[in-house]
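# Structural overview
Next come the chains, spelled out residue by residue.
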Amino acid sequence: MYNKQHTIKKAVSVSGVGLHTGHKVTLTFKPAEIDSGIRFQRIDLPEKPVIEADADLVVDTSRGTTIAKGEAKVSTVEHVLSALVGLQIDNVLIEVDGPETPIMDGSAKLFYEALESVGLEEQNALRNFFEVPEGLFLTDEEKNVEMALLPVDDYRVTVMIDYNSKVLGSQHASLNNIADFKKEISTCRTFVFLHELQQLYNNNLIKGGDLNNAIVVVDKLVSDDELKELAEIFNKPNIEVKEEGILDNIELRFKNEPARHKLLDVVGDLALVGRPIKGQILAARPGHSTNVAFAQKIKKYIKKAEKSAPKYDPNAEPVMDIEGISSMLRHRYPFQLVDKIIHQDHKTVIGLKNITINENFFQGHFPGNPVMPGVLQIEAMAQTGGILVLSSVDEPSEYWTYFLGIDNCRFRKMVRPGDTIILKCELLAPIKRGIAKMQGYAYVGNSIVSEATLTARIVKKEEE
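Summarised in this report is the structure supplied together with it. Only a predicted model underlies this, so the values are computations on that prediction, with no experimental measurement involved.

### A look at the overall build of the protein
- Check the secondary structure of the protein and you find nine helices and 24 strands.
- Here the protein holds 464 residues, and the buried ones make up 53% of them.
- For the protein, the accessible area works out to roughly 22300 Å², and carbon and sulfur atoms hold 47% of it.

See below:
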């Protein structure tokens, strides 16, 4: 998996018909800035509103996944999103001139190929992975769906489907390496049962449906009159039912193509979490509604985890040890207040400081009742944030970091000898003109001991 963020090198468009409206629609992928994520833009509407690919913006999952913001909607986004995940694209603006994406051939193939044709561009920022710390589960007894997200150090998906159909039977599909997405998953088309197809058509839907963009599973005896009616619906001279129960002359691309397409849907819908995932996804009989519900559950877990104390494993290798910190920061004893960095990505850094009775400040700060000064907790927090800010430039040793402001500072609990402080700083906005604004927290155990909003500036030494 890529460690850095990616966008595309230049714009590329695909055109086709919307599955339900039957109207021609053009979708254009455009490069986007670091940390901007995946966004859709309805360029056919006044003000050209933008809709983020966000699980909390999903408004319908009946026959695909629809996202909306205000009155603007885009439906059937899951195939587009799965292609982006398969290519590990983090930032892209998707312009669309209609209310739904084109169905193309019912898979992610043509989206994937269009994006691949223009090439990817690496961006100077780390990907903000959600690294699953513990098992997350979703069960929907009414729909007979079970989903799980388990800790592993890469991205894997396994899906099982069972429709109690003699034609499909029980099927499994797996993706164990994201590099296999193109060959193993992207070409797998959506499928529908014949009785669903007739119902959708009678409800004035699937106007863009065609036997070239879906696999139609025939799970009942079909009369000659029904075949004639279907031929008229799809504007075909005639339609046949093959022995294996697939309508007309559709050849499956894989024996378990339906299960692989369900996996494709899971990948696309879980992209709505908004962050790339490192974890093992298991899904039994999934559908869009449960996929989105699981994405929302994962998002809530991430938000809660971001507010809770970071987990610290003393046996794990640090991201940066004291030698690395000393090479980046200019502070030295007795004012070097960070011992190691245990996590860092493009917007968050987590450091650690062990407090011992030998700290020089305990000699004069409340003798006989040693308490770490609050201002030094904030200084340790700022030094941790300094690592994050200096990591944004090519030659950190050529820069100084200076405080510009401290806001909303709170001291909540005392820090004493023997405590280990976990220091977390997160950028509140992208660094601009060398100025960074961060939210900082200091934890001992599961408790916040201090917090503050910090503003800092990096200055090149020769410019002072």
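### Focus: the sheet that holds strand S6 (residues 58-60)
- Read from one edge to the other, the open sheet built from three strands follows the order S6-S7-S8, with strand pairing classed as antiparallel. Lying at the two open borders of the sheet, with one neighbouring strand each, are S6 and strand S8 (72-74). Recorded for the sheet is a direction-independent mean angle of 40° between the axes of neighbouring strands.
- Note: strand S7 (residues 66-69) against S8, three bridges, orientation antiparallel.

### What about the pattern of salt bridges?
- Under the defined criterion, the tally for this structure stands at 18 salt bridges.
- Lys 69 is the partner of Glu 52 in a salt bridge, and the nearest nitrogen-oxygen pair spans 2.8 Å. Placement of Glu 52 in strand S5 (residues 50-52) and of Lys 69 in strand S7 is noted, with a sequence separation of 17 residues between them.
- Arg 412 serves as the salt-bridge partner of Glu 451, at 2.7 Å between the closest nitrogen and oxygen. Within this pair, whereas Glu 451 is found in strand S24 (residues 447-460), its partner Arg 412 is found in the loop between strand S21 (399-411) and strand S22 (420-427), the two being separated by 39 residues in sequence.
- The exposure class assigned to Glu 451 is buried, which follows from its relative accessible area of 14%.
- Overlapping salt bridges bring together Asp 54, Asp 56, Lys 299 and Lys 303 as one network.

### Digging into the environment of Met 104
- Looking at the element boundaries, Met 104 is found in the loop between strand S9 (92-96) and helix H2 (109-118).
- With relative accessibility at 18%, the residue Met 104 sits in the buried group.

### A short note on the nonpolar core
- Phe 29, Phe 40, Leu 81, Leu 84, Ile 94 and Leu 149 are the most contacted members of the largest nonpolar core, which has 73 residues in total.
- Those residues in contact with Phe 29 that lie beyond four places of it in its chain are Ile 8, Lys 10, Ala 11, Val 12, Val 80, Leu 84, Val 92, Leu 93, Ile 94, Phe 111 and Leu 115.
- Ile 325, Leu 427, Ala 442 and Leu 454 belong to the second-largest nonpolar core, a separate cluster that totals 37 residues.

### What about the side chain of Gln 383?
- Relative to the helices and strands, Gln 383 is located in helix H9 (residues 374-390).
- If we ignore the near neighbours within four places in the chain, the residues touching Gln 383 are Leu 329, His 331, Phe 335, Gln 336, Leu 337 and Val 338.

### Looking at unusual backbone geometry
- Here the bond from Tyr 333 into Pro 334 is cis, since omega is 5°, no more than 30 degrees from zero.
- Mapping Pro 334 onto the fold places it in the loop between helix H8 (322-328) and strand S19 (340-344).
- The residue Gln 88 is not glycine, and still its phi comes out positive at about 60°.
- If you trace the backbone, Gln 88 turns up in the loop between helix H1 (78-87) and S9.
- With phi around 55°, Met 104 is a residue other than glycine that occupies positive phi space.

### Details of the packing of aromatic side chains
- With the rule as written, the count across this model stands at four aromatic pairs.
- Between Tyr 112 and Phe 181, the ring centres sit 6.1 Å apart and the planes meet at 25°, which makes this aromatic pair stacked. Of this pair, Tyr 112 sits in helix H2 while Phe 181 is found in helix H3 (residues 181-184), placing the two residues 69 residues apart along the sequence. Comparing Tyr 112 with Phe 181, the two get one shared label, buried.

### Comments concerning the packing of H1 against H2
- The N-to-C vectors of H1 and H2 enclose an angle of 45°; their axes lie 8 Å apart at closest approach. Classed by the angle they form, the pair H1 and H2 counts as oblique. At the point where H1 passes H2, the crossing takes the right-handed sense. Between H1 and H2, the residues in contact are His 79, Val 80, Ala 83, Leu 84, Gly 86 and Leu 87 and Phe 111, Tyr 112, Leu 115 and Glu 116, respectively.
- When its residues are assigned to classes, the contact of H1 with H2 shows seven nonpolar, two polar and one charged.

### Brief notes about the sheet that holds strand S4 (residues 38-42)
- Taken in spatial order, the five strands line up as S2-S3-S9-S4-S5 in an open sheet, and their pairing is mixed. Looking at which strands have only one partner, the edges of the open sheet turn out to be strand S2 (12-17) and S5. Going from strand to strand, the sheet's axes swing by 25° on average, the running direction of each strand aside.
- Of the strand pairs in this sheet, S2 and strand S3 (residues 24-31) are connected by six bridges, and their pairing is antiparallel. Paired with Ser 13 across the two strands is Thr 28, which belongs to S3.
- Across the sheet, H1 is in contact with S3, S4 and S9; its angle to S4 comes to roughly 145°.
- Of the strands in this sheet, S2 and S3 are in contact with H2, which crosses S2 at around 160°.

### Quick notes on the pairing of S22
- In terms of residue burial, S22 counts as a mostly covered element, since seven of its eight residues are buried.
- Of the pairings in the sheet, the one linking S22 to strand S23 (residues 435-444) comprises seven bridges and is antiparallel in character. The residue bridging Glu 426 from the neighbouring strand is Gln 439, located in S23.

### Some thoughts on helix H6 (residues 257-270)
- Between its first and last C-alpha, H6 extends 20 Å over 14 residues, near the 20 Å set by a 1.5 Å rise per residue.
- A large share of H6 lies buried, amounting to 14 of its 14 residues.

Calculation rules
Residues numbered from 1 in each chain as written. Predicted model: local features only at pLDDT ≥ 70, side-chain atom pairs only at ≥ 80, totals over all residues. Heavy atoms only, no water. Helix = DSSP H or I, 4+ residues; strand = E, 2+ residues; numbered from the N terminus. Buried < 20%, exposed > 50% of the residue type's maximum accessible area, 1.4 Å probe, protein only. Areas by Shrake-Rupley, 256 points an atom, 1.4 Å probe, with all protein chains shown as cover. Pairing = 2+ DSSP bridges. Axes fitted to C-alpha atoms, helices over the stretch in contact; angles between N-to-C directions. Salt bridge = Lys/Arg side-chain N within 4 Å of Asp/Glu carboxyl O. Core = buried A, V, L, I, M, F, W, Y, C linked by side-chain atoms within 4.5 Å. Contact = heavy atoms within 4.5 Å. Phe/Tyr/Trp six-rings, centres within 6.5 Å; stacked < 30°, edge-to-face > 60°. Parallel < 35°, antiparallel > 145°, perpendicular 65-115°, else oblique. Left-handed = near helix turned anticlockwise from the far one by under 90°. Nonpolar A, V, L, I, M, F, W, Y, C, P; charged D, E, K, R; others polar. Expected span 1.5 Å × (residues − 1).

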